[in-house]
Amino acid sequence: MAFRPFAFCTASVLALGIAGVANAQEAAPAAQPQAADGAAEPSAEEIIVTGVRASILGALNVRKNNVQIVDSIVSEDVGKLPDNNVVEALQRVTGIQITDRASGEAQTVTIRGLNDPVTTLNGINVFTASGQSFSLQDIPANLVKQVNVFKTRSADQLETGLAGQIDVKTRRPFDFSGFAVSGQARGTYDEIADTFNPSGALLVADSWDTGIGRIGVLVNASYIRSKYRTESATAGALVPFLTDSNLPTVSGAPGACAGGAAWVPYERIQPNDCRSVTPGNPDGNIWQPGLNAGLSTDPGATLNINGQDVPYVLSRDAVFSSDLYGKRERPAFNAALQWAPNSSSVYTAEMFYTGFRSETFNSLQFSFVDWWGNPGAVELYDGTNIVKSRTVGDVFGFNSSDLNKSKTDSYVYHLNGQWDVGDGDGKITSDLAYQTSTFEGSFIAMRTSRVADEITADFNAGGGIPSYHFSDDSLLTQPSTWAVGELYDNANKDKGSALTGKLDGYYGFYEGFLRRVAAGLRVDRRKAASYIRTGDAVALGGNLSDLPEDALFTNSGFYKGEGDLPRSWVNIDGNWLYDNADTVRGLYGRPTSDQLSLGQTFGIEEITMSGYVMADAQISIFGNPLDLQAGVRYVNIDTDYDFYDRLNNFEQSSVSRGSAKFLPSFTARYEITRDLRLRFNYGETLRRPNFTDVNPTYQLTGDLTNVGYGSGTAGTAGLNPTHSKNIDVAIEWYFEPNSAITVTGFRRKISGLVVPISSYEYIPNNDIEAGATDYFTITRPANASDGVLKGVEVGLTYFPTYLPSVLDGLGFQGSLTVLDSNQTIPETNQLGEVVGYTQSDFFNVSKLSYNATLAYQRGPIGARLSYVWRKGFLHNNEQRLFANPIGVWYKSSGYMDFQLTANVTDDIALTFDARNLTKENQQSFYKYGSAGGAETMNLGTTLVPRTFAIGARFTFQ
């Protein structure tokens, strides 16, 4: 362990801070007032651009003036980013793609197709609970001054994050020349949830000249509440069924089924069947689930059963609808104190808090369509053996009601000191940060079940949406038709903390080849732990109508105006289930809350030491400057893991690992002309394993779909960091003061990518009761893949200066990103042994995406109409349980948003925002290579809400 170097470095940082304070008090002229972007206040002769145009042009200037390739979002005004949260604002940045926009907000950020950007807050690495990254959607836009997205990195930046670095900057007191107060209030209407959601923010800042220098104070608070409803309809996975002819014979070999029941028309073909046991096939294997391309979809395709080529058709195992009611609350707060004892030093102490409260009640209506006791009509897609529609009798189905509550609290405490060296030619910066983050979650679910007389299903009735109805849909809402089923009762807790010290310094030169030298040290001590409890119970029996009336919930208006399927069904009320959890546990004979406790499954302590040296130089070529920057970063990671086996009385085991690496970087920027620039960057970055990926604790699910075994996941303690070698080349033409075209080509060569490896395992004495089994397919991560990601980004910002009259102030901002990715995917046998490799796209990479924003700023009016589109992409691979292609793809999608600001006075503005004007939905389907597709293998369709918001904001300073 690296305790001594850590203690030494931390002491050095503190000593330097104390020395700086002592030196700073010798003279104390007031610090110069600074504008919101950190530059000096403009002179009276300068034209000040505000509003939408200022936001766009501010971002353009950040890229223009930076040696690295960086794109930004700059606040239009105090408390006014162009979107409601940081993730939604980022979708308009060149090269950024947003995934999972259901539930009323965008959630996942990828930069050039990679989903692991390192997140920093005012330059300090931040995280959520036991994760390696921070949930950006938890940062309200109201608190943000600017967001910088670094596509390339220099040696003085963090080494992690293959995708890049996202640095969120909050406001500080010296951003204002004196007293300032800003606030806003907004109400947002969600069409699907039919709710009106409030949000508000307030900032107060002031600064004073005193006898000991200039002192500034700032407090900033924000609160957002969102109630939403997420509705989805899904056609289940594909499995093989017999046809109504050429049925297989039953094996007569020893070990075959007693009685040898004959196969019947349209019977579901299980992967293993005792009726196919032969001396050469003792396990009765018929087909292998989870093949990359699935089973053949050719008409007349056959399976070999007992030496007989038996034709089959592929049909869905189920259809289901999910009606989720959610509520999110995000309180946030930051406070900052700044002191400038003289013009050459500034000290900052700040605290940042973000909270997240989530409550979701999901009412699921699920029906199998795989019974063969009373087969009905079957319709196939032309030229395939895939079933489009069918009627099935005596089908089993269940409703599931679950309530999931979670809360996250994250705190960051940060001290910073900055001292000018010499006559302002150099600077020393010292940082000390401590942060904690805790996540707590609980989940309780209860099922009810019934056997319906008949279901008729069309798995794609149009537009990828399934249609299904029972012989009597009204029975779905009658409690007497439902039996009380299984109980699931889980909880978990994650917590993390970090103590980080940084010391950076540089010295600049005005002339000669060498223009700046820089060096720095960083030490980070990170701790994280995870706790869990699980518990489920077999079906209780009895009738749903036996429960109290207030225990029941009947939804209505499900999928209104979309699809042709049941709009209503009865279920257990999730809130009643949660509030009466001990009563329910008692019914099932389970321990009550006073007997329940969480057990630790994972603990980690990681010390990271890094240091860098870097130099900037400049030479003249053809009379124009060529700026050079070169450096190397050294990182040493020392990690101790503790694991606790919850299936073996939490028995502890420990692993220690260490790694070290030099990461070089080089950047060149050449001004071909004053308005035309060429950039080149080479750098190397790392992706550290997620803590969840190194935790070997089993997460198991029973055999709920009758395939003969359950499924589960577990981590791999020996994972290594993923390493990427990066090349970027960019050309930028700033053809007018407010306009530019940028073109960037890039390539990432990545080794040691983490991919899932599945194996068939025997796990006795597990705690599975619902779908009880001792056999599972377990998926674990492994550094078993290498890949290449390459592409081109094109960006355009254009505010013409020649437009007449009312059109003056019209501008455009847009970008186009073309990506190509390829990675090796290991092929494994049933034991999880790698037996070969195939090629695949990266997950969440769209080959083509673009965004276009038409902006207008004239007088008191600012407006923005934006459209974001991305081509379909591979979202994830499904667990290897079924006969469909393994890849789950998302369809191409585009979202249109509108924003309007009207300044009533110089200090007060009214706002209007509209999201998803075209009512785009989120859809998925099965595909691998040429197998599958959105028409014949559609999967799910989730409705994305359209929202409208009105608000007001004020700023007095």
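Residues numbered from 1 in each chain as written. Predicted model: local features only at pLDDT ≥ 70, side-chain atom pairs only at ≥ 80, totals over all residues. Heavy atoms only, no water.

Chemist: Mind showing me how you'd approach the overall build of the protein chain here?
Modeler: For the protein chain, the helix and strand inventory stands at six helices and 45 strands. On C-alpha atoms alone, the protein chain measures out to a radius of gyration of 30 Å, which is about the 30 Å that the 2.2 N^0.38 rule sets for 957 residues. Within the protein chain, buried positions represent 55% of all 957 residues. A separation of at least 24 residues holds for 72% of the contacts in the protein chain among residues at least 6 apart in sequence. (Helix = DSSP H or I, 4+ residues; strand = E, 2+ residues; numbered from the N terminus. Rg over C-alpha atoms; globule rule 2.2 N^0.38 Å. Buried < 20%, exposed > 50% of the residue type's maximum accessible area, 1.4 Å probe, protein only. Contact = heavy atoms within 4.5 Å.)

Chemist: I tried to follow the sheet that holds strand E6 (residues 144–150) on my own but got confused; where do I start?
Modeler: Whether parallel or antiparallel, the strands of a sheet pair through hydrogen bonds between backbone atoms. Spatially, the five strands line up as an open sheet ordered E1-E6-E7-E4-E5, and their pairing is mixed. A single partner strand is all that each edge strand has here, and the edge strands are strand E1 (70–74) and strand E5 (124–125). By the bridge criterion, six bridges tie E6 to strand E7 (residues 165–170) in an arrangement that is antiparallel. By the bridge assignment, Val147 is partnered in E7 with Val168. (Pairing = 2+ DSSP bridges.)

Chemist: Is there a simple way to explain the environment of Asn884 in this structure?
Modeler: With respect to the secondary-structure elements, Asn884 resides in the loop between strand E38 (873–877) and strand E39 (887–890). Look at Asn884 and you get buried, because its relative accessible area is 3%. Expressed as a C-alpha distance, the spacing of Asn884 and Gly290, which sit 594 residues apart in the sequence, is 7.3 Å. Excluding anything up to four places from it in sequence, Asn884 contacts Ala237, Leu238, Leu291, Gly294, Glu878 and Tyr926. Only 3.2 Å separates the side chain of Asn884 from the side chain of Glu878, close enough to count as a polar contact. (Polar contact = N/O pair within 3.5 Å; in protein donor to acceptor, adjacent residues only side chain to side chain.)

Chemist: Just to check I follow, could you spell out the packing of aromatic side chains for this structure?
Modeler: The description of two aromatic rings rests on the distance between their centres and on the angle between their planes. Counted under the stated rule, the structure contains 31 aromatic pairs. On the basis of an interplanar angle of 45° and a centroid distance of 4.7 Å, the ring pair of Tyr634 and Phe662 is categorised as tilted. Placement of the pair is Tyr634 in strand E26 (residues 624–645) and Phe662 in strand E27 (residues 651–671), with a sequence separation of 28 residues. We classify Tyr634 as partly exposed; its relative accessible area is 31%. Look at Phe873 and Tyr890: their rings are 5.4 Å apart centre to centre, the planes differ by 50°, and that puts the pair in the tilted class. Remark: Tyr890 occurs in strand E39 and Phe873 occurs in strand E38; sequence separation between them is 17 residues. Each member of the pair Phe873 and Tyr890 is classed as buried. Residue placement shows Arg112 over the ring face of Phe746; its charged tip is 4.1 Å from the ring centre. (Phe/Tyr/Trp six-rings, centres within 6.5 Å; stacked < 30°, edge-to-face > 60°. Lys NZ or Arg CZ within 6 Å of the ring centre and 35° of its normal.)

Chemist: Please clarify how unusual backbone geometry should be interpreted in this entry.
Modeler: Leaving glycine out, the prevailing phi sign among residues is negative, and the prevailing peptide bond configuration is trans. Positive phi values are uncommon outside glycine, yet Arg112 reaches one of about 55°. Here Arg112 lies in the loop between strand E3 (108–111) and strand E4 (118–121).

Chemist: What exactly am I supposed to notice about the environment of Asp458 here?
Modeler: Within the secondary structure, Asp458 sits in strand E18 (residues 426–458). Here the alpha-carbon distance between Asp458 and Phe680, two residues 222 residues apart in the chain, equals 54 Å. Engagement of the side chain of Asp458 in a polar contact is seen with the side chain of Lys388, the distance being 2.8 Å. A polar atom in the side chain of Asp458 sits 3.2 Å from the backbone nitrogen of Asn460.

Chemist: Would you explain the sheet that holds strand E12 (residues 302–305) in this entry?
Modeler: Spatially, E11-E13-E12 is the arrangement adopted by the three strands of the open sheet, whose pairing is antiparallel. With one partner strand each, in any of the chains shown, strand E11 (238–242) and E12 form the two edges of the open sheet. Shown here is a sheet whose adjacent strand axes are inclined to one another by a mean of 50°, direction ignored. (Axes fitted to C-alpha atoms, helices over the stretch in contact; angles between N-to-C directions.)

Chemist: Would you mind showing me how to read helix H5 (residues 581–588) here?
Modeler: Because each turn of an α-helix spans 3.6 residues, side chains separated by three or four positions in sequence point in the same direction. Residues of H5 that are buried include every one of Ala581, Val584, Arg585 and Tyr588, and no others. The arc that holds every buried residue of H5, seen down its axis, measures 100°, which confines them to one face. Trailing H5 by a residue or two, Gly589 shows a phi angle of about 75°, which is positive. (Arc of directions from axis to C-beta.)

Chemist: Just to check I follow, could you spell out the pattern of salt bridges for this structure?
Modeler: Opposite charge on two side chains permits pairing when their charged atoms draw close. Tallying each qualifying case throughout the model produces 40 salt bridges. For Arg585, the salt bridge is made with Asp489, and the minimal N-O distance between the two is 2.6 Å. Of this pair, Arg585 sits in helix H5 while Asp489 sits in strand E20 (residues 483–508), placing them 96 residues apart in sequence. Overall, Arg585 belongs to the buried group, its relative accessible area being 7%. Taking relative accessible area as the criterion, Asp489 reaches 8% and is therefore assigned buried. Glu732 serves as the salt-bridge partner of Arg679, at 2.6 Å between the closest nitrogen and oxygen. (Salt bridge = Lys/Arg side-chain N within 4 Å of Asp/Glu carboxyl O.)

Chemist: Which parts of the structure should I look at to understand the pairing of E6?
Modeler: For a regular strand, side chains alternate in direction, first toward one face of the sheet and then toward the other. For E6, the buried fraction is high: seven of the seven residues fall into the buried class. In the sheet, E1 pairs with E6 via five bridges, with the strands oriented antiparallel. Considered in E6, the bridge of Val70 is made with Phe150.

Chemist: Even after reading the chapter, I still don't get the pairing of E39, so can you show me in this structure?
Modeler: Residues Gly887 and Trp889 of E39 are buried on one face, and the alternating residues Val888 and Tyr890, pointing to the opposite face, are buried as well. Of the strand pairs in this sheet, E38 and E39 are connected by four bridges, and their pairing is antiparallel. Across the sheet, the residue bridging to Phe873 is Tyr890, located in E39.

Chemist: Quick question: what am I supposed to make of the side chain of Thr601 here?
Modeler: If you trace the backbone, Thr601 turns up in strand E25 (residues 599–621). Not counting the four nearest positions on each side in its chain, Thr601 is found in contact with Ser530, Tyr531, Ile532, Asp642, Phe643, Tyr644, Arg646, Phe650, Asn695 and Thr697.

Chemist: What should I look at first to understand a positive patch on the surface in this one?
Modeler: Where like charges cluster on the molecular surface, the positive patch consists of Lys661, Lys725, Arg747, Lys749 and Lys790. With respect to the helices, strands and loops of the structure, Lys725 is situated in strand E31 (residues 722–736). For Lys725, a relative accessible area of 41% translates into the label partly exposed. (Patch = residues over 30% accessible without salt bridge, like charges linked within 9 Å, V, L, I, M, F, W, Y side chains within 5 Å. Areas by Shrake-Rupley, 256 points an atom, 1.4 Å probe, with all protein chains shown as cover. Lys, Arg positive; Asp, Glu negative; His and termini not counted. Charge placed at Lys NZ, Arg CZ, Asp CG, Glu CD.)

Chemist: I tried to follow the nonpolar core on my own but got confused; where do I start?
Modeler: It is characteristic of soluble globular proteins that their nonpolar side chains tend to be buried jointly. Core analysis: the biggest nonpolar cluster contains 65 residues, and Met446 and Ile455 have the highest contact counts within it. Element by element, the count of residues in this core is highest for E18, at five residues. Residues within four places of Ile455 in sequence aside, it is in contact with Val319, Ser367, Phe368, Val369, Arg390, Thr391, Val392, Val395, Tyr468, His469 and Phe470. The next biggest cluster of nonpolar side chains, apart from the first, holds 35 residues, and it includes Ile96, Ala163, Leu753 and Leu789. (Core = buried A, V, L, I, M, F, W, Y, C linked by side-chain atoms within 4.5 Å.)

Chemist: Which parts of the structure should I look at to understand the side chain of Asn938?
Modeler: The topology assignment puts Asn938 in strand E44 (residues 938–942). A distance of 2.7 Å separates a polar atom in the side chain of Asn938 from the backbone oxygen of Phe459. Discounting chain neighbours no more than four positions away, the residues touching Asn938 are Ala235, Arg316, Tyr381, Phe459, Asn460, Gly464, Pro466, Ser924, Phe925 and Gly933.

Chemist: Explain the environment of Gln839 here, please?
Modeler: Structurally, the position occupied by Gln839 is in strand E35 (residues 834–840). Sequence spacing of Gln839 and Ile950 is 111 residues, and the spatial spacing of their C-alpha atoms is 48 Å. Among all residues touching Gln839, those that are not within four sequence positions of it are Asn822, Gln823, Thr824 and Tyr928.

Chemist: What exactly am I supposed to notice about a negative patch on the surface here?
Modeler: Where like charges cluster on the molecular surface, the negative patch consists of Asp394, Asp453, Glu454 and Asp472. With respect to the helices, strands and loops of the structure, Asp394 is situated in strand E17 (residues 387–421).

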